[in-house]
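Listed below, chain by chain, are the residues.
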Amino acid sequence: MKTNGKAALSILGCCMAVFWSGYLAFGYPGIMATCWQERYDVGAAETGTVVTFMLFALAVSMFFSGRIHMKIGMRKCILIGTFFDAAAMVILINAADIYSVYLWGFVTNLGCSFTYGPALTTAQQCMPHRRGMVSGIVNFVFGISAAVMSPVWSHVLDAVGYEKMNLLLLLWVVITNAVAMIFAGKAESVHVEEAKADGKSALCKNEREKAGSGAPETSADLTVLQTLKTKSFWIIWIVWIFMGAAGISMISLSKSYALSIGLSGITVLTAFNIVNGGGRIVAGMLSDKIGGERTAVLAFLMTAAAYAVLPLLDGVALISVASACIGFGFGTLFTVTGPIASKRFGLKYFGMIYGLIFTAYGFIGGILGPALSGVVLDRTGGNYGLVFGYLAVFALIGAVLMMLLLKPEKTKSA
């Protein structure tokens, strides 16, 4: 098989590996929030904290999963991720209280860290001169899975009940990831070549189960320590605090807000997830044209505007449009960060650097977003206008910070 064909199959495997991780991260907590509130007699603060624990897991594990990926390759990372996903579903099926659900969320996203980060790294290694596009493709699948699967599993829940639904979900995760391992392994037999001056795409290098990262080693490759000394890294890191908090909050807020004003919660959540997923490939292709920084500024401003007007809107159609705009900003954050980081810091240590960026999202963004919004809603009797107001400010801060990156930073590789 030609190397470009193997690269395409590898990217397909990466997409399959992140499919269920995306649904579990972006869709499942949203459709299950009200169910958990009834099942365990808790409020919005407690169910919002489920997402916070999921983000904590990413913050703890993304750096290490990136380092492990360098040593063992994509296939074995998928295997580890599947193990954590299976363990998490067993915990959830037997969950007796909301604290067990917190544990489910943490373990689930341990699994996500071994699929999403390595998949994004592998895809960019396969086509380093189309980083925005392939990042958009992987992120498209990662995000769109929630839009596709949320209505399906909502009906399955009504049809077969809580325990059987989770057993079926576990089965599909295992089957899909098993196939993903076969395709993702194609990257391990493909060699990387430097892009020609005429713009031909570089092909995939050996995924190097033994040696690790497949990026061409150039002077642009900064070590983790060198990256931490750059202003660009810390700007990106802070962006993930504020825009990460603004974006992830809508997962738990969309359905509950719609229901609070007598509208269809699943419709608003689905609108968010469709554009959160579908918009990622658009954002990726746009970033290849105008740059990831400019793409992010536009998307984050859109998010800020949507949150600002959301309390003023009436009807499921308009609220769904606003939710979709927020979804586009959130999806853009995921999509452009990879290309921005890999172009500034190189691909060699990308997995670990990307993991460090996620610490902002997981440790701080998760608290300022879902956890804080749940507390505010409980203490104010459901004042969504207040919550949407400070989330609009968060998105605006993200846009302003991204503007600071429009001027490339000069860094030294040694």
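Position labels on residues start from 1 in each chain and follow its written sequence. Only residues with pLDDT of at least 70 are given local features in this predicted model, and only at 80 or more are side-chain atom pairs given and counted; all residues enter the totals for whole chains, interfaces and linings. In computing side-chain properties, one takes all heavy atoms of the structure into account and sets aside hydrogens as well as water.

S.K.: Describe in detail helix α12 (residues 316–345), supporting the description with residues and values.
M.R.: A run of H or I in DSSP counts as a helix once it spans at least four residues, and a run of E counts as a strand once it spans at least two, with each numbered from the N terminus. Helix span is expected to be 1.5 Å times the residue number reduced by one. Between its first and last C-alpha, α12 extends 43 Å over 30 residues, near the 44 Å set by a 1.5 Å rise per residue. A maximum bend of about 30° is found in α12 at valine 336, where proline proline 339 lies one to four positions downstream. Most of α12 sits inside the fold, with 24 of its 30 residues counted as buried. A positive backbone phi angle near 95° is found at glycine 346, which sits one or two residues after α12. A residue's bend is given by the angle between axes fitted to the 7 residues ending at it and the 7 residues starting at it. Exposed residues in this analysis have more than 50% of their type's maximum accessible area, buried residues have under 20%, and partly exposed residues fall in between, with area computed by a 1.4 Å probe over protein chains only.

S.K.: Could you give an account of a nonpolar patch on the surface, with specific residues and numbers?
M.R.: A contiguous nonpolar surface patch, about 490 Å² in accessible area, is contributed by Val160, Leu168, Leu171, Trp172, Ile175 and Val179. If one sorts the elements of the nonpolar patch by residue count, helix α7 (residues 162–184) sits on top with five residues. Tracing the backbone shows isoleucine 175 in helix α7. Given the relative accessible area of 41%, isoleucine 175 is considered partly exposed. A residue counts toward a patch only above 30% relative accessible area and without a salt bridge, and it is joined to like-charged neighbours within 9 Å or, for Val, Leu, Ile, Met, Phe, Trp and Tyr, to nonpolar neighbours within 5 Å. A 1.4 Å probe and the Shrake-Rupley method give the accessible areas. Residues count as covered only by the protein chains that appear here. The salt bridge criterion pairs a side-chain nitrogen of Lys or Arg with a carboxyl oxygen of Asp or Glu, the two atoms within 4 Å.

S.K.: So what about the packing of aromatic side chains? Which residues, and what values?
M.R.: Between 30 and 60 degrees the pair is tilted, below 30 it is stacked and above 60 it is edge-to-face, where a pair is any two Phe, Tyr or Trp rings, Trp via its six-membered ring, whose centres lie within 6.5 Å. Evaluation of the coordinates by the stated rule reveals 39 aromatic pairs. In textbook terms, an aromatic cluster arises when at least three aromatic residues are bridged by ring pairs, as seen for Tyr116, Phe142, Trp240, Phe272, Phe330, Phe334, Phe350, Tyr354, Phe358 and Tyr361. Only when the NZ of Lys or the CZ of Arg is both within 6 Å of the ring centre and within 35 degrees of the ring normal is a charge said to sit over the ring. Between the NZ or CZ atom of arginine 39 and the centre of the ring of tyrosine 162, over which it lies, the distance is 3.9 Å. Its end group placed over the ring of phenylalanine 334, arginine 280 keeps NZ or CZ at 4.7 Å from the ring centre.

S.K.: I'd like to hear about the packing of helix α5 (residues 116–126) against helix α6 (residues 131–160), residue by residue, with values.
M.R.: Viewed as axis vectors pointing N to C, α5 and α6 meet at an angle of 150°, and their least axial separation amounts to 9 Å. When the interaxial angle is binned, α5 and α6 end up roughly antiparallel. In the crossing of α5 with α6, the sense of the turn from one axis to the other is right-handed. Of the residues in α6, those in contact with Tyr116, Ala119, Leu120, Ala123 and Gln124 of α5 are Arg131, Val134, Ser135, Val138, Asn139 and Phe142. Here the residues of the contact of α5 with α6 sort into seven nonpolar, three polar and one charged. Helix axes are fitted only over the stretch in contact, all axes being lines through C-alpha atoms; the angle between N-to-C directions runs from 0 to 180 degrees. Under this scheme an angle from 65 to 115 degrees is roughly perpendicular, one under 35 degrees roughly parallel, and one over 145 degrees roughly antiparallel; angles in between are oblique. Note on convention: near helix rotated counterclockwise from far helix by under a right angle means a left-handed crossing. Clockwise means right-handed. Whether two residues are in contact is decided by their heavy atoms: any pair within 4.5 Å suffices. Note on residue classes: Ala, Val, Leu, Ile, Met, Phe, Trp, Tyr, Cys and Pro are nonpolar, Asp, Glu, Lys and Arg are charged, and everything else, Gly too, is polar.

S.K.: Give me the lowdown on the packing of helix α2 (residues 44–72) against helix α4 (residues 98–113), citing residues and values where you can.
M.R.: Look at α2 against α4: their axes get within 7 Å of each other, and the N-to-C directions meet at 30°. With respect to their mutual orientation, α2 and α4 come out roughly parallel. The two elements α2 and α4 meet at a crossing, and its hand is right-handed. Between α2 and α4, the contacting residues are Glu46, Thr49, Val50, Phe53, Met54, Leu55, Phe56, Ala57, Leu58, Ser61, Met62 and Ser65 on the first element and Ile98, Val101, Tyr102, Trp104, Gly105, Phe106, Thr108, Asn109, Leu110, Cys112 and Ser113 on the second. Of the residues contributing to the contact of α2 with α4, the split by class is 15 nonpolar, seven polar and one charged.

S.K.: Outline the pattern of salt bridges, listing residues and values.
M.R.: A complete count under the given rule lists two salt bridges for this structure. One salt bridge in this structure joins arginine 39 and glutamate 163, with 2.8 Å as the shortest N-O distance. Here arginine 39 is found in helix α1 (residues 3–40), whereas its partner glutamate 163 is found in helix α7, with 124 residues between them in sequence. We note a salt bridge from arginine 344 to glutamate 293, for which the minimum N-O separation is 3.1 Å. Of this pair, arginine 344 sits in helix α12 while glutamate 293 sits in helix α11 (residues 292–309), placing them 51 residues apart in sequence. Here arginine 344 and glutamate 293 have matching classes, each one buried.

S.K.: Kindly report on the nonpolar core, identifying the contributing residues and their values.
M.R.: Nine residue types can take part in a nonpolar core, namely buried Ala, Val, Leu, Ile, Met, Phe, Trp, Tyr and Cys, and a core is a set of them joined through side-chain atoms within 4.5 Å. With 96 residues, the main nonpolar core has Tyr116, Trp240 and Phe334 as its most contacted residues. Sort the elements by how many residues they give to this core and helix α9 (residues 231–260) lands first, with 17 residues. Excluding anything up to four places from it in sequence, phenylalanine 334 contacts Phe26, Tyr116, Asn139, Phe142, Trp240, Arg280, Tyr354, Phe358 and Tyr361. Within the second largest apolar cluster, 31 residues are counted, among which are Met89, Leu92, Val101 and Tyr102.

S.K.: Give me the lowdown on the environment of phenylalanine 142, citing residues and values where you can.
M.R.: On the secondary structure map, phenylalanine 142 appears in helix α6. Note on phenylalanine 142: relative accessible area 2%, which makes it buried. Sequence-wise, phenylalanine 142 and tyrosine 116 are 26 residues apart; in three dimensions their C-alpha atoms are separated by 7.9 Å. When near neighbours in sequence (up to four residues on either side) are disregarded, phenylalanine 142 contacts Val18, Ser21, Gly22, Tyr23, Phe26, Cys112, Tyr116, Arg280 and Phe334.

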